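Below, each chain spelled out in residue letters.
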Amino acid sequence: MAENTLSSKYNPQEVEAGRYQEWLEKDLFKPSGDKKAKPYSIVIPPPNVTGKLHLGHAWDTTLQDMIIRQKRMQGYDTLWLPGMDHAGIATQAKVEAKLQEQGISRYDLGREKFVEQVWDWKEEYATHIREQWGKLGISVDYSRERFTLDEGLSKAVRKVFVSLYEKGLIYRGEYIINWDPKARTALSDIEVIHKDVEGAFYHMTYELADGSGAVEIATTRPETMLGDTAVAVHPDDERYQHLIGKNVILPIVNKEIPVVADTYVDMEFGTGVVKITPAHDPNDFEVGNRHDLPRVNVMNEDGTMNELAGKYAGMDRFEARKAIVKELEELGRLVKIEKMVHSVGHSERTGVVVEPRLSTQWFVKMAPLAKRAIENQETEDAVEFYPPRFNQTFLRWMENVHDWVISRQLWWGHQIPAWYHKETGEMYVGMQAPEDSENWVRDSDVLDTWFSSALWPFSTMGWPDTENEDFKRYFPTNTLVTGYDIIFFWVSRMIFQSLEFTDSRPFKNVLIHGLIRDEQGRKMSKSLGNGIDPMEVIEKYGADALRWFLSNGSAPGQDVRFSYEKMDAAWNFINKIWNASRFVLMNVEGMSAADLHLDGQKSVADRWILTRLNETIEKVTHLFDRFEFGEAGRNLYNFIWDDFCDWYIEMSKETLYGDNPEAKRMNQAVLVYVLDNIVRLLHPIMPFVTEEIFSKLSTTTGSIVVASYPEVNEFSDESAAEGMEVLKEVIRAVRNIRAEVNTPLSKAVTLLIQANDEKVQAFLTANQNYIMRFCNPDKLVIATELAVPDMAMSQVITGATIYLPLANLINLTEEIARLEKELAKLDGEVKRVQGKLANERFVSKAPQAVVDQERAKEADYLEKQQAVAQRIAQLKELQ
């Protein structure tokens, strides 16, 4: 059975090499096809084809893979559907930047040729992404991979657009929108990042046309004054009642514009007089509508001034600002420049300052869609957020949502299915072009990327073909995993679109995770240069170590800090598992599966580890169901490192190297059984190393990918578990005392154990072989009554007191001080538990098992408290 042994050293590169391809060749990631099995589906949040995956993607996909691998092992008919997003503005910006390096613009190529270039980019980066998915080990079904611009999804997008248009929920209108002058496209509110920048309030005067004086106004954007069509005051402002209805002269332009009264004006802010520029400010736009003011747009799409800016035409907006301020100063109209720091919108994709700009765009009317999404959260079909607080985040956004601008002035994306008649100007919206298409011109705009992404859970399943087998079986999906930073962008939109078009929520659960930050807690970014390439981490530590770190990083919704120290700890844990597995495999060499059965008499250590295994299976399964992976990992770590490796394997050596063949065979069977269950429990988190170990066990066949997940069984023995805890306390107590007086384990000492009752005495006597092995006494006495030497160090444990007569090594004063410290600790525990039990609310509302557990703790602490106090009194008499 030599081929079933592991190499002497854990090498993740060797373990992981070629394994993913094996899984793919065996079609292990596809749905089982078992129609009797319960379906469980996840759609991957599609990464943008703009570059390589970062640590955030690795975290996101690892969590999804853990969920789907566990469900697959639990017998569900699982589908994890992969795909990628065309990421309109982001991808177009990348390709344009690449062309710019070659001295080419998209306009040089034309729309068709440029789009071909972007498709080439997409294929290149999609290949990179798939390679990275493979390195991470994610178990997606590639046969169902989708892309937001593929033929099926394009059909779904057109269907949704046309349907919403026909319902009056999509409309075309002229509004102030966020404009990106570099990408030359509209942006939605959530594509704008606000940053604090140093700016100024420019105070200037507008002279009254009748020569009776002037009014002072202030603006942060003097370049837009060329498009002013009024100034406004509050109708109740007594200072300016006499001005309402008069005209002022717009400086530089020298045209008369009216003074209007509007409640929009804040009387307490500034001078109480504001300039109104309907084509360049959203609030001014509304004021303009109320007063029927003209809209004068003085800026081009690229952020330069247009012909309506007169002599400033062709100048960049910020250069024009400087020139206009200078001219105002020369005209004597500039009062002062007040420096200030204010929040300015920047394009998320190109980084340039966003320009509020009048533009004709396509919008989604959000009120009815949001209303239904909000109401749905009160029904049985509600989407459950983990953690639940994000439900409020979702609801707040839906309650305050504005109409959604969905058109983008790009070439890469879903072109809007609207056509305009060349002669009449009539507009047609439909799934296909008009029959006499030569007489019509198609709208050149494309749809916001999030419009198609919002359909992802059902469009990927074949919708609008509602008879599609995948749609019928796997939609609605079960769980979405995503970061809290795109609840507004994506999660909210998937919910309202799914309700509108499928009458169902798109997913049952949404697991929200945080962001990965650096060791200092900073967000990873190119500007800080603190980004971490997950592929480099895998190269050094292996995918399993990275996945273990990512799965245990934090609680749902919380951020996690990456550090190489944590990666070292993850690698060390896997190495511990590897070495434990080598020990087990070497000690069962030559044994068949038939030899390794669990029928027969078991030692207390056997029964204890099987009981602890059951407890771990129950806890981990429950925690996985609640997406509390950090807690699940902590339970696994404690069981594997402490219970299995540090205690059970060490105790096994007593039996394995002993002379009782049946005890040895049982010990071997338990070792293999527990290891088998450990690797199954770990497989969703560490797929590669668990497959390697699983393949070496003679009790297993096939791949662990489709092996059954552990379930709680009949091997539970509470008395063995309690007894084992006493044994462990004895061993720990002796080791602690030895350490305090610097007496190494190699030096034999006398060990006296005074049991509190005959039951404890009998148990310890029956298992004294473990005490002999781990405590190395030259003399061991276990009794309920003992003649305790005066000069002995002691330790009170549950059910007994340990004495080590070390007369020549004991300082009475130090020993009393040590025991008094122990007594103070016990006093605190007694006070805490009694306070809890005195709380009527706790006793009446907590589960009875929890209350009983606290009462048992109280009894244990009180017994220890009394024994320590008595020992202190005895030692004080000797001073």
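- As recorded by an unreviewed UniProt entry, the chain carries the name Valine--tRNA ligase and is attributed to Enterococcus cecorum DSM 20682 = ATCC 43198.
- The heading Subcellular location (unreviewed entry) in the UniProt record of the chain holds the text "Cytoplasm".
- If you open the UniProt record of the chain and go to Sequence similarities (unreviewed entry), you find "Belongs to the class-I aminoacyl-tRNA synthetase family. ValS type 1 subfamily."

Things to note about the sheet that holds strand E20 (residues 440–442)
And then number 1: Pairing is antiparallel in the open sheet, where 3 strands are placed in the order E19-E18-E20. Each edge of the open sheet carries a strand with a single partner, namely strand E19 (427–429) and E20. Strand after strand, the sheet turns through a mean of 30° between neighbouring axes, direction not considered.
And then number 2: For strand E18 (residues 418–421) and E19, the ladder comprises 3 bridges, and the chain directions are antiparallel. Of the residues in E19, the one forming a bridge with Trp419 is Tyr428.

Considering the nonpolar core
And then number 1: Core analysis: the largest hydrophobic core is formed by 145 residues, its most contacted members being Phe644, Ile753 and Ile771.
And then number 2: Ranked by residues supplied to this core, first place goes to helix H20 (residues 629–656) with 12 residues.
And then number 3: Setting aside residues up to four positions removed in sequence, Ile771 forms contacts with Leu727, Val730, Leu751, Ile753, Leu764, Asn776, Pro777, Leu780 and Ile782.
And then number 4: In this structure, Leu455, Trp463, Leu480 and Ile487 belong to the second largest nonpolar core, which totals 57 residues.

As for the packing of aromatic side chains
And then number 1: Applying the stated criterion to the full structure yields 44 aromatic pairs.
And then number 2: Geometrically, the ring pair formed by Phe114 and Trp411 is edge-to-face, given 5.8 Å between the ring centres and 70° between the ring planes. With a gap of 297 residues between them, Phe114 in helix H6 (residues 111–136) and Trp411 in the loop between strand E17 (407–408) and E18 connect regions that are remote in the sequence.
And then number 3: Given a relative accessible area of 0%, Phe114 falls into the buried group.
And then number 4: Aromatic rings pair up to connect Phe161, Tyr165, Trp362, Trp404, Phe451 and Phe496 into one cluster.
And then number 5: Over the aromatic face of Phe147 sits the side chain of Lys122, whose NZ or CZ is 4.4 Å from the ring centroid.
And then number 6: One Lys or Arg, Arg493, reaches over the ring of Trp404 and ends 4.0 Å from the middle of that ring.

Some words on the sheet that holds strand E29 (residues 800–804)
And then number 1: Taken together, the 4 strands give an open sheet; going across it, the order is E27-E26-E29-E28, and neighbouring strands pair in mixed fashion. Of all the strands in the sheet, just strand E27 (777–783) and strand E28 (793–797) have a single pairing partner and so form its edges. Mean inter-strand twist for the sheet, computed between neighbouring axes without regard to direction, equals 15°.
And then number 2: Bridge count between strand E26 (residues 749–755) and E27: 6 bridges; the pairing is parallel. Bridge pairing in E27 places Leu752 opposite Val781.
And then number 3: Packing of helix H23 (residues 718–740) onto the sheet brings it into contact with E26, E28 and E29, and relative to E28 it is tilted by some 155°.

Considering the pattern of salt bridges
Oppositely charged side chains may form a pair once their charged atoms are brought near each other.
And then number 1: One pass over the full model with this rule turns up 54 salt bridges.
And then number 2: Of the charged contacts, one joins Arg473 and Asp77 as a salt bridge, the two residues approaching to 2.7 Å between their closest N and O atoms. Residue Arg473 is found in helix H14 (residues 469–474), and its partner Asp77 is found in strand E2 (residues 77–81); the two are separated by 396 residues along the sequence.
And then number 3: By relative accessible area, Asp77 is classed as buried at 0%.
And then number 4: Its salt-bridge partner being Arg290, residue Asp262 comes within 3.0 Å of it at the nearest N-O pair.

With respect to the domain arrangement of the chain
And then number 1: Taken domain by domain, the chain holds domain 1 (28–157 + 453–543), domain 2 (180–356), domain 3 (544–716), domain 4 (720–810) and domain 5 (813–878).
And then number 2: Distance from the C-alpha centre of domain 1 to the C-alpha centre of domain 3: 33 Å.
And then number 3: Each partner contributes residues to the interface: domain 1 has 43 residues there, and domain 3 has 37 residues.
And then number 4: Buried area between domain 1 and domain 3, both sides added, is near 3,400 Å², and the carbon and sulfur share of it is 66%.
And then number 5: When the area that domain 1 buries against domain 3 is broken down by residue, the three leading residues are Met66, Met73 and Tyr541, summing to 24%.
And then number 6: One can count 3 salt bridges joining domain 1 with domain 3.

Focus: the pairing of E28
And then number 1: Burial of E28 is extensive: 5 of the 5 residues sit out of reach of the surface.
And then number 2: In this sheet, E29 lies alongside E28 in antiparallel orientation, the contact comprising 5 bridges. In the sheet register, Gln795 faces E29, and the bridge partner there is Ile802.
And then number 3: Linking E28 to E29, which pair antiparallel, is a turn of 2 residues; within it Gly799 sits at a positive phi near 85°.

Section: the UniProt feature "domain: Valyl-tRNA synthetase tRNA-binding arm" (unreviewed entry) in the chain
And then number 1: Annotation from UniProt places "domain: Valyl-tRNA synthetase tRNA-binding arm" (unreviewed entry) at residues 812–876.
And then number 2: Here residues 812–876 runs as 94% helix and 0% strand, with 8 Å between its end C-alpha atoms.

A few points about the packing of helix H17 (residues 543–551) against helix H22 (residues 687–696)
And then number 1: Packing of H17 against H22 leaves a shortest axis separation of 7 Å and a crossing angle of 120°. With respect to H22, the axis of H17 lies oblique. Here Ala543, Asp544 and Arg547 of H17 lie close against H22, whose contacting residues are Pro687, Phe688 and Val689.

As for the packing of helix H21 (residues 661–682) against H22
And then number 1: In contact at an axis separation of 9 Å, H21 and H22 are set at 155° when each is read in the N-to-C sense. Comparing their axes, H22 and H21 come out roughly antiparallel. Relative to H22, H21 is oriented so that their crossing is left-handed. Along the contact surface, H21 presents Leu675, Asp676, Val679, Arg680 and Leu682, while H22 presents Thr690, Ile693 and Phe694.
And then number 2: Taken together, the residues of the contact of H21 with H22 sort by class into 5 nonpolar, 1 polar and 2 charged.

Considering the environment of Thr460
And then number 1: Considering the arrangement of structural elements, one finds Thr460 in the loop between helix H13 (456–459) and H14.
And then number 2: Sequence-wise, Thr460 and Gln241 are 219 residues apart; in three dimensions their C-alpha atoms are separated by 62 Å.
And then number 3: Not counting residues within four places of it along the chain, the set of residues in contact with Thr460 comprises Val43, Leu81, Arg146, Leu153 and Leu455.
And then number 4: In this structure the side chain of Thr460 is engaged in a polar contact, spanning 2.6 Å, whose partner is the backbone oxygen of Trp456.

Conventions adopted
Residues numbered from 1 in each chain as written. Predicted model: local features only at pLDDT ≥ 70, side-chain atom pairs only at ≥ 80, totals over all residues. Heavy atoms only, no water. UniProt positions renumbered as here; feature names shortened; annotations may be inferred. Pairing = 2+ DSSP bridges. Helix = DSSP H or I, 4+ residues; strand = E, 2+ residues; numbered from the N terminus. Axes fitted to C-alpha atoms, helices over the stretch in contact; angles between N-to-C directions. Core = buried A, V, L, I, M, F, W, Y, C linked by side-chain atoms within 4.5 Å. Buried < 20%, exposed > 50% of the residue type's maximum accessible area, 1.4 Å probe, protein only. Contact = heavy atoms within 4.5 Å. Phe/Tyr/Trp six-rings, centres within 6.5 Å; stacked < 30°, edge-to-face > 60°. Lys NZ or Arg CZ within 6 Å of the ring centre and 35° of its normal. Salt bridge = Lys/Arg side-chain N within 4 Å of Asp/Glu carboxyl O. Domains from an automatic or database assignment. Buried area = accessible area lost by both parts, 1.4 Å probe. Parallel < 35°, antiparallel > 145°, perpendicular 65-115°, else oblique. Left-handed = near helix turned anticlockwise from the far one by under 90°. Nonpolar A, V, L, I, M, F, W, Y, C, P; charged D, E, K, R; others polar. Polar contact = N/O pair within 3.5 Å; in protein donor to acceptor, adjacent residues only side chain to side chain.

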